[in-house]
Amino acid sequence: MYQQLVTHNGKFHADDVFASVILTQLFPELSLIRTRDEKITDDENNFVYDVGGGEFDHHGIDDQRQHENGVPMAAFGLIWQKFGETYLKTTMPTITSDLIVKTKAHVEKSFIIGIDALDNGVTTYQSPAFTISDAINDFYDEDHDLESFKSAIAFAKGVLENHIYKTVAKLIAEKEVIEHATFISDELLLLPVAGPWKDYVEHFDKCRFVVMPRKDGNWMIQGVPVSHGSFQVKQPLPQINKPWIIFIHRTGFMGVVDTQEHALSLAKSLIDNSLL
């Protein structure tokens with residue numbers, strides 16, 4: 001059994017902080033120290049990560065370990081790859097094994113790859129907005145190294161757990177949506193229940209519109225994005241004045257009407273280019 005968790009001292013980053021979230025959860029009995037002392041990092045009795053050149057350090061010149069999209073792995077990705085399923089079982093013990101596997105893959109794709117990319121300087125993932133990495137770095141206090149690191153871990157724990165819970169909820173809701181989805185045509189999908197649908201629909205190139213209920217009792221017609229994550233839709237809704245049309249967004253990406261029948265009629269008329 002390991003004696004302690006060991007990562008590097010000095011300036012910390014999102015990858016070693018999030019890796020620490022997982023490890024402190026799985027090994028709560030172990031103390032955590034931050035050092036570059038080789039006597040400690042080379043000790044096989046310690047669990048060493050993001051330093052020391054071992055299995056969970058990504059700084060080697062010849063390290064070729066990558067995510068599926070080619071982004072190099074950092075400490076977070078390496079720890080997730082090894083312990084992600086165990087961490088999910090510990091965090092959410094009631095979810096099924098199948099859902100654990102799907103959640104692990106989804107969290108890696110939607111969250112972990114971005115952290116690893118930033119740590120490895122993959123500029124494709126850089127954003128002008130304030131990032132999670134920026135938030136993590138703001139905790140650093142050179143005069144109170146370990147204390148600020150633990151504060152960053154506590155913050156990161158909340159972020160990661162919330163993302164996992166939201167991911168599980170999305171996957172469960174998406175399953176229900178898919179089970180009830182009906183293609184009226186290749187270009188029009190009817191969802192009798194509301195829920196996440198974009199990841200599912202993007203696999204159908206011809207689909208242009210999705211019709212679904214709203215919680216307020218009205219119905220929505222929404223354009224299908226041209227690509228994953230895009231705000232541009234394949235066919236925007238024009239501004240139409242009808243007594244049963246409640247609202248059409250100025251960009252045309254969605255509209256709200258009073259009934260399912262009117263929503264389907266509007267979608268079909270747009271597809272046929274025969275406005276009502």
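What counts, and at which threshold
- Residues numbered from 1 in each chain as written.
- Predicted model: local features only at pLDDT ≥ 70, side-chain atom pairs only at ≥ 80, totals over all residues.
- Heavy atoms only, no water.
- Phe/Tyr/Trp six-rings, centres within 6.5 Å; stacked < 30°, edge-to-face > 60°.
- Helix = DSSP H or I, 4+ residues; strand = E, 2+ residues; numbered from the N terminus.
- Buried < 20%, exposed > 50% of the residue type's maximum accessible area, 1.4 Å probe, protein only.
- Core = buried A, V, L, I, M, F, W, Y, C linked by side-chain atoms within 4.5 Å.
- Contact = heavy atoms within 4.5 Å.
- Pairing = 2+ DSSP bridges.
- Axes fitted to C-alpha atoms, helices over the stretch in contact; angles between N-to-C directions.
- Left-handed = near helix turned anticlockwise from the far one by under 90°.
- Nonpolar A, V, L, I, M, F, W, Y, C, P; charged D, E, K, R; others polar.
- Patch = residues over 30% accessible without salt bridge, like charges linked within 9 Å, V, L, I, M, F, W, Y side chains within 5 Å.
- Areas by Shrake-Rupley, 256 points an atom, 1.4 Å probe, with all protein chains shown as cover.
- Salt bridge = Lys/Arg side-chain N within 4 Å of Asp/Glu carboxyl O.
- Lys, Arg positive; Asp, Glu negative; His and termini not counted.
- Charge placed at Lys NZ, Arg CZ, Asp CG, Glu CD.

Visitor: Tell me what's going on with the packing of aromatic side chains, and back it up with residues and numbers.
Guide: In this structure the tally under the stated criterion is 17 aromatic pairs. An angle of 40 degrees between the planes, with centres 5.8 Å apart, marks the rings of Phe27 and Phe47 as tilted. Here Phe27 is found in the loop between helix 1 (14-26) and strand 2 (31-34), whereas its partner Phe47 is found in strand 3 (residues 47-48), with 20 residues between them in sequence. Summarising the aromatic geometry, the rings of Trp80 and Tyr87 are spaced 6.2 Å apart at their centres and angled 65 degrees between planes, so their arrangement reads as edge-to-face. Like Tyr87, Trp80 is buried.

Visitor: Lay out the nonpolar core with the relevant residues and their values.
Guide: Residues Phe18 and Leu160 are the most contacted members of the largest nonpolar core, which totals 43 residues. Mapped onto this core, the elements with two or more residues apiece are helix 1, helix 3 (75-91), helix 4 (97-119) and helix 6 (145-180). Residues within four places of Phe18 in sequence aside, it is in contact with Phe76, Phe111, Ile115, Ile132, Ile136, Ala156, Val159 and Leu160. One finds Trp219, Ile221, Ile245 and Ala267 within the second-largest nonpolar core, a separate group that totals 18 residues.

Visitor: Outline the pairing of strand 6 (residues 209-213), listing residues and values.
Guide: In terms of burial, strand 6 is largely enclosed, as 5 of its 5 residues are buried. Here strand 6 shows no split at all, with Phe209, Val211 and Pro213 on one side and Val210 and Met212 on the other all buried. In this sheet, strand 6 lies alongside strand 5 (residues 188-190) in parallel orientation, the contact comprising 3 bridges. Bridged to Leu190 within strand 6 is Val211. Two elements, strand 6 and strand 7 (residues 219-223), share 5 bridges in a ladder whose sense is antiparallel. Of the residues in strand 7, the one forming a bridge with Met212 is Met220.

Visitor: Pulling in residues and values, what's your account of the environment of Phe76?
Guide: Inspection of the secondary structure puts Phe76 in helix 3. A C-alpha to C-alpha distance of 8.8 Å links Phe76 and Ile113, two positions 37 residues apart in sequence. Each residue touching Phe76, except ones within four places of it in the same chain, is listed here: Asp15, Phe18, Ala19, Ile22, Phe111, Ile112, Ile115, Asp116 and Leu160.

Visitor: Account for the environment of Phe111, naming residues and giving values.
Guide: One can find Phe111 in helix 4. Take Phe111: its relative accessible area is 12%, and that puts it in the buried class. Taking the C-alpha atoms as reference, Phe111 lies 9.9 Å from Ile132; in sequence the two are 21 residues apart. Beyond its immediate chain neighbours, meaning those up to four positions away, Phe111 contacts Phe18, Phe76, Val159, Leu160 and His163.

Visitor: Talk me through the packing of helix 1 against helix 3; I want residue IDs and the actual numbers.
Guide: Packing of helix 1 against helix 3 brings their axes to within 9 Å, and their N-to-C directions diverge by 30 degrees. In this structure, helix 1 meets helix 3 at a crossing whose hand is left-handed. Between helix 1 and helix 3, the contacting residues are Asp15, Phe18, Ala19, Val21, Ile22, Leu23, Gln25 and Leu26 on the first element and Ala75, Phe76, Ile79, Trp80, Phe83, Thr86, Tyr87 and Thr90 on the second. Its residues assigned to classes, the contact of helix 1 with helix 3 comprises 12 nonpolar, 3 polar and 1 charged.

Visitor: Give me the pairing of strand 7: which residues, what numbers.
Guide: Across the 5 residues that make up strand 7, a large majority, 5, are buried. Neither face of strand 7 is exposed, since Trp219, Ile221 and Gly223 on one face and Met220 and Gln222 on the opposite face are all buried. Turn length for the strand 6-strand 7 hairpin, with the two strands adjacent in sequence and antiparallel, is 5 residues, and the turn residue Gly217 shows positive phi of about 95 degrees. Sheet analysis places strand 7 next to strand 9 (residues 254-257), joined by 4 bridges and oriented antiparallel. Bridging across to strand 9, Ile221 finds its partner in Gly255.

Visitor: Tell me about the sheet that holds strand 7, residues and numbers included.
Guide: Read from one edge of the open sheet, 6 strands run 4-5-6-7-9-8, paired in mixed fashion. This sheet does not close on itself; its edge strands, each paired only once, are strand 4 (182-185) and strand 8 (245-248). This sheet shows a mean twist of 20 degrees between the axes of neighbouring strands, independent of strand direction.

Visitor: Account for a negative patch on the surface, naming residues and giving values.
Guide: On the surface, a cluster of negative charge is contributed by Asp141, Glu142, Asp143 and Glu147. Along the chain, Asp143 falls in the loop between helix 5 (132-137) and helix 6.

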